[in-house]
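# Commentary on secondary and tertiary structure
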Amino acid sequence: MNILELHPTIPRQRRQIEMFLQTNGLRYDDVDYYAAIVDESSDEMIAGGGLKGSVIKCVAVADGHKGEAVANVIVSHLIAKANAEGCQCVKLYTKPDNRQLFESLSFRLIAESPNAILMETGVGGIEKYSEELRVKSEELKNDESVVSNARKPIGVIVMNANPFTLGHRFLVEQSSELVERLYVVVVREDCSMFSYNERKAMVSQGVRDIGNVVVVDGSDYAVSAATFPTYFLKQLSDATDTQIILDLDLYRRRIAPVLGATIRFFGSEPTDPLTRRYNELMHQQLGEEHVHEIQRKQQEGSAISASCVRKAMMEGCLWDAIQLVPPTTIPYIIGHLASMALQAELDTTPKPGLVDRNDNGAHRDMDHALMQRSIKALHPYFVRLAQLGFTDKQPCHNEIVNIGIEAEREMFKATCGVNTHKGALFSIGLAAVALAGEAFCRITQADGFGTMVYNDVNSKQIQSLSNSIASLARLFPDTNGTHGSKAKANNILKGALDNAREGYTQLFNAWLPFYIDRIAEGDNYALHKTLLRIMCDLDDTNIVYRTSMETMQEVKTEARQMLDTSRNIVNFEAALQAMNTDYIHRNISPGGSADMLSLVVFLSCVVRKQ
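Residues numbered from 1 in each chain as written. Predicted model: local features only at pLDDT ≥ 70, side-chain atom pairs only at ≥ 80, totals over all residues. Heavy atoms only, no water.

What follows is about the packing of helix H19 (residues 526-537) against helix H21 (residues 549-564). Relative orientation of the contacting elements H19 and H21 amounts to 140°, with a least axis distance of 7 Å. For the element pair H19 / H21, the angle class is oblique. Classified by chirality, the crossing of H21 by H19 is left-handed. Here Lys529, Leu532, Arg533, Met535, Cys536 and Asp537 of H19 come into contact with H21, specifically with Val555, Lys556, Ala559, Arg560, Met562 and Leu563. Partitioned by chemical class, the residues of the contact of H19 with H21 number seven nonpolar, no polar and five charged. (Axes fitted to C-alpha atoms, helices over the stretch in contact; angles between N-to-C directions. Helix = DSSP H or I, 4+ residues; strand = E, 2+ residues; numbered from the N terminus. Parallel < 35°, antiparallel > 145°, perpendicular 65-115°, else oblique. Left-handed = near helix turned anticlockwise from the far one by under 90°. Contact = heavy atoms within 4.5 Å. Nonpolar A, V, L, I, M, F, W, Y, C, P; charged D, E, K, R; others polar.)

Pasting the structure below:
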């Protein structure tokens, strides 16, 4: 029997898959790969199955062919395909009625619910994960350094911690007092703002001082809306409860026993209906004697939640966000705000001569996708720089440099040698160090957090941040070999390092207040206009390097004219696109201004409030 590949991205073939599944009482579910067996005489599909990562989905056999072992052929093919892609353990969600069929194909049951079962085949898998937990548990029993409350039960908390908040910390503190040992399992599934590695690190750092708490690796077996296929359920309304029951059954069968845990802790849920339903089913499925619900920690009458932190971050409000998290989480928030600022600049469209969502501007060696890979590569280093700066003393210059060198190396690796963000790495990296230091000092003040409000450029907080950046920048020697240094060689210009050594006075005096005012007005073109405002003032050495001093002066004049007339332009976006077309033709790229736009967006987080 020949196996054909059908491509779900091709509309005609997608419809073919959907019709076949519908005929066999199933719905289509997202897959990356779909294989089909077609009857050579009738040209009709008689069997098919799909693959999404390591999960087999949408397996169906047409009536009249169910005794011909075609399901074996399809499933064996999908397993081989997954193995070739590096997945040595393959999972499958299916109806309980199909258990015997898939057991005959070497699948093992992992978890079950009335409407679905989870099975897997291959090496490793849940058995390997369970063994890792068992070994960890045995090691802790013999580790005298691990504090324990003898003759008390062992407990478990499963948390996403996206990010780790004061609410999570409170839950751990309260739970740890009731058990001999408390295991915290961090959900591994990577569909959150913060990556699994970040979330686990935040939890580990945030509970390090609680002696009987042990943070362990999460597994790849979290059953959620992101991973659970619904194609075989008769009623889509059954999906949520089915996901939760499978997840809880897996915990009851595979995680709790190897840890010796007899009680699971969780926080109450006043707002989110999905989490509240999960809590209800925990009571039902695990039994009242094996669960303990703790009232959520509140601040100013509202429960502290990770969603509130993420909302503050999305709105660029640093001080609102950090009031809800322990100190160890703050550098991660600052690092994310740095990456979000770079992404905001990149996504601003259209931009004159610069890479955006529509085109590559005046650049032939980079595009939007490449710039995104660069931001992703730099992100962990912004977190590390923020962690380095999170102290009451100025960090060692060599440590900053070493992190910067590592970051630059990863950037070039991600971009195949293209310099996408070297200037932004320097400016935002320095600002991340300085801002983390300011945040540290702020949270250690006797009067607590408060809110930083932007009044004027001479405000104590703003001036302190500017001074911190300048102090860090003065430790860097003059640059050689960069585009900026080459452009400065025969011209009287200020480069990126000069501006940093001044503490970005233009930014704090002019560009940041301008941006904040546009945001306050609800201007949909706040980013575009702030870029033009920066272009009016900045000695953009990137323009000089690519063209000439005269062209840079022309750009300043053109940006001022565009900005001054922006309120009277009927189609401002079309005017920007015309400017972009002109700059592409003249090989003009205001890259230094783009870096400063990113920095404005990043530093706006110190003055914005929800």
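Here the narrative resumes, following the displayed structure.
Strand order across the open sheet formed by five strands is S10-S9-S8-S11-S12, with parallel pairing between neighbours. The two strands at the open ends of the sheet, each matched to only one other strand, are strand S10 (213-216) and strand S12 (291-294). With strand direction ignored, the average angle separating the axes of adjacent strands in the sheet is 25°. Strand direction decides the pairing type here: strand S8 (residues 154-159) and strand S9 (residues 181-186), joined by six bridges, are parallel. Among the inter-strand pairings, Ile154 is bridged to a residue of S9, identified as Arg181. In the packing of helix H4 (residues 125-141) onto the sheet, contacts are made with S9 and S10, and the angle to S9 comes to roughly 150°. Contacts between helix H8 (residues 273-286) and the sheet are confined to strand S11 (263-267) and S12, with S11 contributing the most and set at about 165° to the helix. (Pairing = 2+ DSSP bridges.)

We now examine the nonpolar core. Soluble globular proteins tend to bury their nonpolar side chains together. The biggest cluster of nonpolar side chains holds 120 residues, and the ones touching the most others in it are Ile333, Ile334 and Phe602. Examining the composition of this core, we find that twelve residues originate from one element, helix H14 (residues 422-443), more than from any other. With residues up to four places along the chain from it excluded, the contact list for Ile333 reads Phe194, Val309, Met313, Leu318, Ala321, Ile322 and Val325. One finds Tyr129, Leu140, Ile154 and Tyr221 within the second-largest nonpolar core, a separate group that totals 34 residues. (Core = buried A, V, L, I, M, F, W, Y, C linked by side-chain atoms within 4.5 Å. Buried < 20%, exposed > 50% of the residue type's maximum accessible area, 1.4 Å probe, protein only.)

Burial runs high along strand S2 (residues 33-38): six of the six residues are buried. Pairing between S2 and strand S3 (residues 45-52): six bridges, direction antiparallel. Its bridge partner being in S3, Tyr34 is matched across the sheet by Gly50.

So, about the pattern of salt bridges. Counted under the stated rule, the structure contains 37 salt bridges. Note that Arg134 is salt-bridged to Glu131, the shortest N-O span being 2.5 Å. Of the two residues, Arg134 and Glu131 are both situated in helix H4; the distance of three residues between them amounts to about one turn of the helix. A residue is classified by how much of its surface remains accessible, and Arg134, at 35% relative accessible area, is partly exposed. Accessibility expressed as a relative area gives 37% for Glu131, which makes it partly exposed. (Salt bridge = Lys/Arg side-chain N within 4 Å of Asp/Glu carboxyl O.)

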